[in-house]
Amino acid sequence: MKILYATSEAVPFCKTGGLADVAGSLPAALAAEGAEVAVVVPLYRRVRERFGDQLTFLCYDYVNLAWRHVYCGLFALEKDGVIWYFLDNEQYFDRPDLYGYMDDGERFGFFSRAIVRMLDHMKFWPDVINCNDWQTALVPVYLKDDGVREERFRSVRTTLTVHNIEYQGRYNPYVLGDLFGLDAGWVEDGTLLMDGDLNLLKGAVLCADAVNAVSPTYANELKMAYFAHRMESVMRQCEYKLFGVLNGIDMDRYDPAKDPSIAAAFSTEDMSGKDADKAHLQRLVGLREEPHVPVVAIVSRLVSHKGLDLICEVLHDMMKLPMQLVVLGKGDKKYEEFFHWAAQQYPGRMAVRLDYNEELSMAIYAGADLFLMPSKSEPCGLSQMIAMRYGTVPIVRETGGLKDTVHPYEAWRDAGNGFTFANYASNDMLHVIREAVYLYKDFPDAFGRLRKRAMECDFSWARSAGEYLRIYAGVTGQVWPAPEAAPVEASPAAEPVSVEEAAAPAEEASAEEKAGPFEEPVPAAETVPETVAAEKASAGRSVEKAAPAGETADVKAEPKKRGRKPGTKNGAKKEPARKAAEKKAAGETKKKGTAAKK
């Protein structure tokens, strides 16, 4: 199976959020399962600066985008069994940041158009293209549009992965032709029109062969108005092709036993390094070095749907607990100002860094004791998985991927891997924070077992990659995994095989041997080898009772009656020639009944 993964960012080349982590890990996991995988990404300035000497220039071509005739260069790099393609256009991508420009619609319209038109220059023609979010949402639309004129595009299937439905790519519908080069019919029939706007994500959901959400719970939430940002009717309409596959993380990259970016390594067998990482974190951000006080951490974009309003409501109540708080992130100005002010109120007990720093984030994952994610909505979430991997117990709200990955602590049977609350309410959040803090201080053995269960959770990509491949197989009609052909051994031609000998192996074979490696075993009574049946038919019904010499020719000349058994009542009525031969052989042509049967 040949898969092209189209994304606007990917680790380690460029990153602004969780999409980059998924795009950096999933293709390699698909390749490890035996698929041919390539990834296509824009050639941003930061990619050229960091990896330019490793890229190989392949070719260039011109892409037509509405009235524009635009240069597009193609660069490549092979890594971990995956071919990475980079589409170059300095006018669109030679900029300091990945997003946030007034012409983002034109930039990623070009990117989607170039993906389709540059397929000829890539190593293989894909069976399926996996698109991600609105930046590549026009790929299924362009394939449908070009497929009307060029038959080769009709063979390419598409899937769309929705990482966050809040970002939909909405524009004025009057720019459809001038900006994206599409006919007005795409708006007039409602494919790209929603609430009076041109909606690129809606068009991709309708045109793609399959739609995938990044967790099973999020796939169900997308059909509800509270979570779908006015797209719930579209998602319910496409429910038949909607799937939910939980994201994973790179278990080798995030391994506290061998991570060089943290102060001290540790594992479930030896947790002494965790204490050293905690002391290092406290010194790094200016907290008091108190080994028996739990450190609660927040590593997040500071935006509303991350549940920060709940924290603002009860922050003073939280700080009355015997705990320390560290916050890392940037986002909306109102949250940045609030946390900056709050840190000044609790010196030595609260630290805030209004930035995103990869090195500091890993120090927080490794050194903190509890990780807070009270999200209003969370499609999947990778932070809670990384935190658990480093022994930092999560406190989350039950939504999206948080509900699928974090199971609540139950003291009565010593189970669970974190703390959860269901209602989007600050008092509910405060209650579970209080429960977590006092479990850490008053019952360290129980907290240690909880921490160990969190660290032992398997969030690898191997399981998720298999589910993605089954989705691809469903839309392409291919069988995955591909069944291996059994070796055929030629039998000696000089030794004739009788019908009875040929039938014996088929009768003795077990149900498991008859079934293929990916099929349910079929009962022996329902399996009839066709070759054996043919040999029996050509042998002149050797299983029947021997007939007198005088009737042999008649019996052999009689065609086989399908569905009837010779010698039955109905069969006798339909074989007058055979009855005549029997009567003639017995010498009694006028007698009926038992005398004729002799």
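Report on the accompanying structure. Please read these numbers as outputs of a predicted model, since none were measured by experiment.

## Regarding the overall build of the protein chain
In step 1: For the protein chain, the helix and strand inventory stands at 27 helices and 18 strands.
In step 2: Across the 598 residues in the protein chain, those meeting the buried criterion constitute 50%.
In step 3: Residue pairs in contact within the protein chain that sit at least 24 positions apart in sequence constitute 71% of those at least 6 positions apart.

## Structural notes on helix 5 (residues 138–147)
Each α-helix turn comprises 3.6 residues. Residues three or four places apart therefore point the same way.
In step 1: Burial analysis of helix 5 places nine of its ten residues in the buried class, the great majority of the element.
In step 2: Among all positions in helix 5, only Leu 138, Val 139, Pro 140, Val 141, Tyr 142, Leu 143, Asp 145, Asp 146 and Gly 147 are buried.

## Some points on the sheet that holds strand 15 (residues 350–353)
The strands making up a sheet are joined through hydrogen bonds of the backbone, oriented either antiparallel or parallel.
In step 1: Spatially, 15-14-13-16-17-18 is the arrangement adopted by the six strands of the open sheet, whose pairing is parallel. Each end of this open sheet is capped by a strand with a single partner; those strands are strand 15 and strand 18 (419–421). The mean inter-strand angle of the sheet, taken between neighbouring strand axes irrespective of direction, is 15 degrees.
In step 2: One ladder, built from four bridges, connects strand 16 (residues 370–373) with strand 17 (residues 393–397); its direction is parallel. Bridging across to strand 17, Leu 370 finds its partner in Val 393.

## Quick word on the sheet that holds strand 9 (residues 193–194)
In step 1: Here three strands make up an open sheet; going across it, the order is 8-10-9 and the pairing antiparallel. If you trace the sheet from one side to the other, it starts and ends with strand 8 (170–171) and strand 9, each paired once.
In step 2: As judged from the two bridges shared by strand 9 and strand 10 (residues 197–199), these two strands associate in the antiparallel manner. Paired with Leu 193 across the two strands is Leu 198, which belongs to strand 10.
In step 3: Most of the contacts of helix 8 (residues 200–207) go to strand 10, to which it runs at about 45 degrees, and overall it touches strand 8, strand 9 and strand 10.

## With respect to the packing of aromatic side chains
In step 1: According to the stated counting rule, one finds 24 aromatic pairs in the structure shown.
In step 2: Measuring from ring centre to ring centre gives 6.0 Å for Tyr 60 and Tyr 62, while their planes differ by 85 degrees; the resulting arrangement is edge-to-face.
In step 3: You can call Tyr 62 partly exposed: its relative accessible area is 41%.
In step 4: Seen in terms of ring centroids, Phe 338 and Trp 341 are 6.0 Å apart; in terms of plane orientation they differ by 40 degrees. Their pairing is tilted. Of the two residues, Phe 338 and Trp 341 both sit in helix 14 (residues 333–345), three residues apart, roughly one turn of that helix.
In step 5: Classification of Trp 341 by relative accessible area gives partly exposed; the value is 37%.
In step 6: For the cation-ring pair, Arg 95 lies above Tyr 101, with the distance from its terminal atom to the ring centre recorded as 4.9 Å.

## Looking at helix 20 (residues 461–476)
In step 1: With 16 residues, helix 20 extends 22 Å between its outermost C-alpha atoms, agreeing within 8% with the 22 Å of an ideal straight helix rising 1.5 Å per residue.
In step 2: All of the buried residues along helix 20 are Trp 461, Ser 464, Ala 465, Gly 466, Tyr 468, Leu 469, Ile 471, Tyr 472, Ala 473 and Val 475.
In step 3: Next to the buried residues of helix 20 lie strand 1 (2–6), helix 1 (18–32), strand 6 (128–132), strand 7 (157–162), strand 11 (210–213) and strand 12 (242–244).
In step 4: Looking one or two places after helix 20, you find Gly 477, whose phi comes out positive at around 80 degrees.

## A word on the pattern of salt bridges
Working definition: two side chains of opposite charge can pair if their charged atoms are close together.
In step 1: Evaluated as defined, the whole model comprises 32 salt bridges.
In step 2: Put simply, Glu 36 and Lys 2 hold a salt bridge, and the shortest N to O gap is 3.6 Å. Residue Glu 36 is found in strand 2 (residues 36–42), and its partner Lys 2 is found in strand 1; the two are separated by 34 residues along the sequence.
In step 3: On the basis of relative accessible area, Glu 36 is assigned to the partly exposed category, the value being 37%.
In step 4: When its relative accessible area of 28% is taken as the criterion, Lys 2 is described as partly exposed.
In step 5: Between Arg 113 and Asp 146 there is a salt bridge, with its nearest N and O atoms 3.0 Å apart.

## Thoughts on a nonpolar patch on the surface
In step 1: Side chains of Phe 57, Tyr 60 and Tyr 62 sit close together on the surface and give an oily, nonpolar patch of about 340 Å² of accessible area.
In step 2: Along the chain, Tyr 62 falls in strand 3 (residues 56–65).

## Thoughts on the environment of Lys 403
In step 1: Along the polypeptide, Lys 403 turns up in helix 17 (residues 400–405).
In step 2: Note on Lys 403: relative accessible area 45%, which makes it partly exposed.
In step 3: For the pair Lys 403 and Thr 420, spaced 17 residues apart in sequence, the C-alpha to C-alpha distance is 8.2 Å.

## A few points about the environment of Thr 161
In step 1: Along the chain, Thr 161 turns up in strand 7.
In step 2: For Thr 161, a relative accessible area of 1% gives the class buried.
In step 3: Put simply, Thr 161 and Ala 213 are 52 residues apart on the chain and 5.8 Å apart in space, counted from C-alpha to C-alpha.
In step 4: Contacts of Thr 161, omitting those with residues within four sequence positions, involve Asn 130, Cys 131, Asn 132, Asp 133, Asn 212, Val 214 and Tyr 468.

Scoring rules and cut-offs
- Residues numbered from 1 in each chain as written.
- Predicted model: local features only at pLDDT ≥ 70, side-chain atom pairs only at ≥ 80, totals over all residues.
- Heavy atoms only, no water.
- Helix = DSSP H or I, 4+ residues; strand = E, 2+ residues; numbered from the N terminus.
- Buried < 20%, exposed > 50% of the residue type's maximum accessible area, 1.4 Å probe, protein only.
- Contact = heavy atoms within 4.5 Å.
- Pairing = 2+ DSSP bridges.
- Axes fitted to C-alpha atoms, helices over the stretch in contact; angles between N-to-C directions.
- Phe/Tyr/Trp six-rings, centres within 6.5 Å; stacked < 30°, edge-to-face > 60°.
- Lys NZ or Arg CZ within 6 Å of the ring centre and 35° of its normal.
- Expected span 1.5 Å × (residues − 1).
- Salt bridge = Lys/Arg side-chain N within 4 Å of Asp/Glu carboxyl O.
- Patch = residues over 30% accessible without salt bridge, like charges linked within 9 Å, V, L, I, M, F, W, Y side chains within 5 Å.
- Areas by Shrake-Rupley, 256 points an atom, 1.4 Å probe, with all protein chains shown as cover.

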